[in-house]
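So the chains spell out like this:
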Amino acid sequence: MAATPEALPETVLSQEEREYVASQWKLVWWKFRRHRLAMAATFIVLLFYLIAAFPETLAIHDPHDFSSKRVYMPPQRIHLFEDLRPRPFVYQVDPQRDPVTLGMVYVQDRSVKHYITFFVRGHEYKLFGLFNTDIHLFGTATEAGMESFYPIGADKLGRDVYSRLMYGTRISMSIGLIGVAISLFLGVLF
């Protein structure tokens with residue numbers, strides 16, 4: 001009496017035989033897993049949803065705080081090494097007026113370094129709308145350093161572009177998720 005393909009362990013079956021006895025979901029998963037671009041896109045979308053879940057923790061500054069000293073501040077260069085040791089830092093940035101154009105010019109003060117560390121204290125927020133906390137994923141250890149750390153720069157009101165981008169991810173991803181849910185509901189309904 002010969003065993004049916006369903007009764008044999010998967011290691012005994014050849015690839016072709018496994019495809020004949022596999023469920024539809026397994027076939028879709030195998031095909032999806034072989035598609036490298038689909039796997040990369042899945043990773044990126046999941047990363048965006050992770051950012052959308054924790055924008056307060058990932059943001060360095062409050063996205064609504066503004067400063068006239070940081071208007072149109074350019075992105076800061078993060079230096080990853082200090083004396084050949086991995087120790088990320090940014091230099092102090094001081095705003096100055098250009099005497100010819102009267103525009104703001106941001107000059108690095110290379111004598112003052114602000115070291116970037118993980119799990120620093122910053123502005124206070126509510127995690128998931130429930131818990132008051134002020135822990136942020138990364139930033140500078142000092143308050144003066146937090147005021148001078150703008151990795152993507154500042155906008156015309158002196159607001160941190162990076163922090164606003166983190167908060168904007170939540171809105172963008174929510175709109176996409178709600179749109180897909182509504183279209184799925186209407187598609188199933190009709």
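Residues numbered from 1 in each chain as written. Predicted model: local features only at pLDDT ≥ 70, side-chain atom pairs only at ≥ 80, totals over all residues. Heavy atoms only, no water.

Chemist: How would you explain the sheet that holds strand 1 (residues 79-82) if you had to name every residue and give the values?
Modeler: The strand order across the open sheet built from four strands is 1-2-3-4, with neighbouring strands paired in antiparallel fashion. Across the chains shown, the open sheet's two edge strands, defined by having one partner strand only, are strand 1 and strand 4 (131-140). Taken over all neighbouring pairs, the strand axes of this sheet differ in orientation by 55 degrees on average, direction set aside. Where strand 1 lies against strand 2 (residues 85-97), three bridges are found, and the strand directions are antiparallel. Bridge pairing links H79 to F89 in strand 2. (Pairing = 2+ DSSP bridges. Helix = DSSP H or I, 4+ residues; strand = E, 2+ residues; numbered from the N terminus. Axes fitted to C-alpha atoms, helices over the stretch in contact; angles between N-to-C directions.)

Chemist: Explain the side chain of S67 to me, and be specific about the residues and the numbers.
Modeler: Within the secondary structure, S67 is located in the loop between helix 4 (55-58) and strand 1. For S67, the side chain forms a polar contact with the main-chain nitrogen of K69, separated by 3.2 Å. Contacts of S67, omitting those with residues within four sequence positions, involve L157 and G158. (Polar contact = N/O pair within 3.5 Å; in protein donor to acceptor, adjacent residues only side chain to side chain. Contact = heavy atoms within 4.5 Å.)

Chemist: Account for the nonpolar core, with residues named and values stated.
Modeler: Counting residues in hydrophobic clusters, the biggest one holds 11 residues: I51, L58, I60, V90, I116, V120, F138, M146, F149, Y162 and M166. Among the elements of the structure, strand 3 (104-127) and helix 6 (161-189) are those that each provide at least two residues to this core. Ignoring anything within four residues of it in the chain, the contact list for Y162 reads L58, A59, I60, F138, P151 and I152. In terms of nonpolar packing, the next biggest core, distinct from the first, is built from five residues, V93, Y106, Y150 and A154 among them. (Core = buried A, V, L, I, M, F, W, Y, C linked by side-chain atoms within 4.5 Å. Buried < 20%, exposed > 50% of the residue type's maximum accessible area, 1.4 Å probe, protein only.)

Chemist: Lay out unusual backbone geometry in plain terms, naming residues and giving numbers.
Modeler: The backbone phi angle of D83 is positive, close to 55 degrees, even though this residue is not glycine. Here the phi dihedral of L102 falls at roughly 60 degrees; this positive angle occurs in a residue that is not glycine. Mapped onto the fold, L102 is located in the loop between strand 2 and strand 3. With relative accessibility at 59%, the residue L102 sits in the exposed group.

Chemist: Talk me through a nonpolar patch on the surface; I want residue IDs and the actual numbers.
Modeler: A contiguous nonpolar patch, built from I178, I182, F185, L186, L189 and F190 and spanning about 700 Å² of accessible area, is present on the exposed surface. For L186, the location among the structural elements is in helix 6. A relative accessible area of 37% places L186 in the partly exposed class. (Patch = residues over 30% accessible without salt bridge, like charges linked within 9 Å, V, L, I, M, F, W, Y side chains within 5 Å. Areas by Shrake-Rupley, 256 points an atom, 1.4 Å probe, with all protein chains shown as cover. Salt bridge = Lys/Arg side-chain N within 4 Å of Asp/Glu carboxyl O.)

Chemist: Let's hear about the packing of aromatic side chains: which residues, and what values?
Modeler: In the structure shown here, the tally under the stated rule is six aromatic pairs. Plain terms: the ring middles of F138 and Y162 are 5.8 Å apart, the flat faces sit at 55 degrees to each other, and that makes the pair tilted. Taken together, the positions of F138 in strand 4 and Y162 in helix 6 put the pair 24 residues apart, joining distant regions of the chain. For Y162, a relative accessible area of 13% gives the class buried. Joined through ring pairs, the aromatic side chains of F89, Y91 and Y115 make up one cluster. Against the face of F89 rests K113, its NZ or CZ located 4.8 Å from the ring centre. (Phe/Tyr/Trp six-rings, centres within 6.5 Å; stacked < 30°, edge-to-face > 60°. Lys NZ or Arg CZ within 6 Å of the ring centre and 35° of its normal.)

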